[in-house]
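The lines below spell out each chain.
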Amino acid sequence: MSNITKALYEPDINEIGGKYYDFSPKNNPSFVQTAAELKALGIKNFYFMLEIKNPEVLYFNPFSPSLSREQMEKIMIEAKQNLWYFARCLVRLRTDAGLKHFELHRGLCAAIWGATKGFDWCLCEPRQTWKTSGTIGTIILWAFQFSQNLNIHFFGKDNENTKRNLAILRDDIDLLPPFLQFKSYKNEYGKVKQTRQSTEILMNELMHNNLTIHSKANNESSAMQKARGASAAIMYFDEIEFTPFFDIILANSAPTFKQAADNATKVGNPKGRYFTTTPQGQ
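Everything quoted here is computed from the prediction, not taken from an experiment. (Residues numbered from 1 in each chain as written. Predicted model: local features only at pLDDT ≥ 70, side-chain atom pairs only at ≥ 80, totals over all residues. Heavy atoms only, no water.)

K.L.:
With reference to specific residues and values, describe the state of the cysteines.
P.N.:
Under the counting rule described, the total for this entry stands at zero disulfides. Here Cys124 is not disulfide-linked; the sulfur of Cys122 is the nearest cysteine sulfur, at 6.2 Å. (Disulfide = S-S within 2.5 Å.)

Here it is in structure tokens:
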């Protein structure tokens, strides 16, 4: 293996109960720190976020331009099967201080764990705790890139909120290793096409996934109409404490969500309603 393609650190792989976990703090210290906090709280299986299904991929640098096709395929398989590996090793976020790897804390850890189980969840935290960018950059990015025939809908407190969140997802895709961005695809005639993007919709045409944002509801009638047209297995509601007519949107979206979620379960796609918000008054 060349020095270019090998890992940037030496993994510390442990087998526990027939599964593999990487306890190396050089991988992503925030994951190890969160595991240590759960251990201190008395959680027996405190290391679940360190799981690795194929330890071999830890010896590849996923951002290397010199990866072989076989190495890329192994990384892609691990990423598709293991959201924790995807978040720990592949996700990068753009910040005021430059690019940085996604960082885990207990709130986002609970959210990601809930997503892996197909649960609905709500994360209420103060500002600047990565609750929105962390949710979009891990759970939603992973679902959008690796699922098939999946619809995702974004709701928020206003039009700028949802457009900004869509822009965050688009940027997160750009920061993935190039072979996981899926920016181009072949149509039915074998012609290479580029994925369509706009400020209000994002498409992964290789996997046939669509993400649509919803504008602010100005009255009860518009809230009911937006919800009824939102047939999606994943619905993301940001800043629910400040979203007008949120209760109406949520109640009226339930029937269409249930049908889409049931269909997602049948084919093994992720599903869930995810809620993030800043506490009132903060």
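Right, picking up where we left off after that structure.
K.L.:
Please give an account of the pairing of strand S12 (residues 234-238) that cites residues and values.
P.N.:
Where burial is concerned, most of S12 is hidden: five out of the five residues are buried. Both faces of S12 are covered, namely the face carrying Ile234, Tyr236 and Asp238 and the face carrying Met235 and Phe237. The pairing of strand S7 (residues 151-155) with S12 spans four bridges and is parallel. The partner of His153 across the bridge, within S12, is Met235. Alignment of S12 against strand S13 (residues 272-277), held across five bridges, turns out to be parallel. Considered in S13, the bridge of Ile234 is made with Gly272. With helix H8 (residues 246-267) bridging S12 and the parallel S13, this β-α-β connection has right-handed handedness. (Buried < 20%, exposed > 50% of the residue type's maximum accessible area, 1.4 Å probe, protein only. Helix = DSSP H or I, 4+ residues; strand = E, 2+ residues; numbered from the N terminus. Pairing = 2+ DSSP bridges. Right-handed = clockwise from strand over helix to strand, strands pointing away.)

K.L.:
Please provide a residue-by-residue account of the pattern of salt bridges, values included.
P.N.:
The tally for this structure, following the rule as stated, stands at ten salt bridges. Lys74 serves as the salt-bridge partner of Glu70, at 3.2 Å between the closest nitrogen and oxygen. Of the two residues, Glu70 and Lys74 both sit in helix H2 (residues 69-81), four residues apart, roughly one turn of that helix. One salt bridge connects Asp120 with Arg273, and the closest N-O pair in it is separated by 3.0 Å. Placement of the pair is Asp120 in the loop between helix H4 (106-116) and strand S6 (121-124) and Arg273 in strand S13, with a sequence separation of 153 residues. For Asp120, a relative accessible area of 36% corresponds to the partly exposed category. (Salt bridge = Lys/Arg side-chain N within 4 Å of Asp/Glu carboxyl O.)

K.L.:
Provide a residue-level description of H8, including the pertinent values.
P.N.:
Helical periodicity: at 3.6 residues per turn, an α-helix aligns residues three or four positions apart in one direction. In this model H8 runs 30 Å from its N-terminal to its C-terminal C-alpha over 22 residues, within 8% of the 32 Å that 1.5 Å per residue would give. A bend of about 45° at Ala254 is the largest found in H8, and the proline Pro255 appears one to four places after it. Of the residues making up H8, those classed as buried are Phe246, Ile248, Ile249, Ser253, Phe257, Ala260, Ala261 and Ala264. Looking at the buried residues of H8, the elements they touch are S7, helix H7 (220-228), S12 and S13. (Expected span 1.5 Å × (residues − 1). Bend = angle between axes of the 7 residues up to and from the residue. Contact = heavy atoms within 4.5 Å.)

K.L.:
Quick rundown of the environment of Phe60? Include the residues and the values.
P.N.:
The residue Phe60 is located in the loop between strand S3 (51-52) and H2 in this model. Placed 154 residues apart in sequence, Phe60 and His214 show a C-alpha to C-alpha distance of 40 Å.

K.L.:
Now, about the packing of H2 against helix H3 (residues 83-90): what can you tell me, with residues and values included?
P.N.:
Running from N to C, H2 and H3 point in directions that differ by 120°, and their axes come no closer than 5 Å. Put simply, H2 runs oblique to H3. Residues Ile75, Glu78, Ala79 and Gln81 of H2 touch H3, and the partners they reach there are Leu83, Tyr85, Phe86 and Leu90. Residue composition of the contact of H2 with H3, grouped by class: six nonpolar, one polar and one charged. (Axes fitted to C-alpha atoms, helices over the stretch in contact; angles between N-to-C directions. Parallel < 35°, antiparallel > 145°, perpendicular 65-115°, else oblique. Nonpolar A, V, L, I, M, F, W, Y, C, P; charged D, E, K, R; others polar.)

K.L.:
Describe unusual backbone geometry, with residues and values.
P.N.:
Although it is not a glycine, Gln128 adopts a positive phi angle of roughly 65°. One can find Gln128 in the loop between S6 and helix H5 (131-146). In this structure, Phe245 takes a positive phi of about 60° despite not being glycine. Accessibility expressed as a relative area gives 28% for Phe245, which makes it partly exposed.

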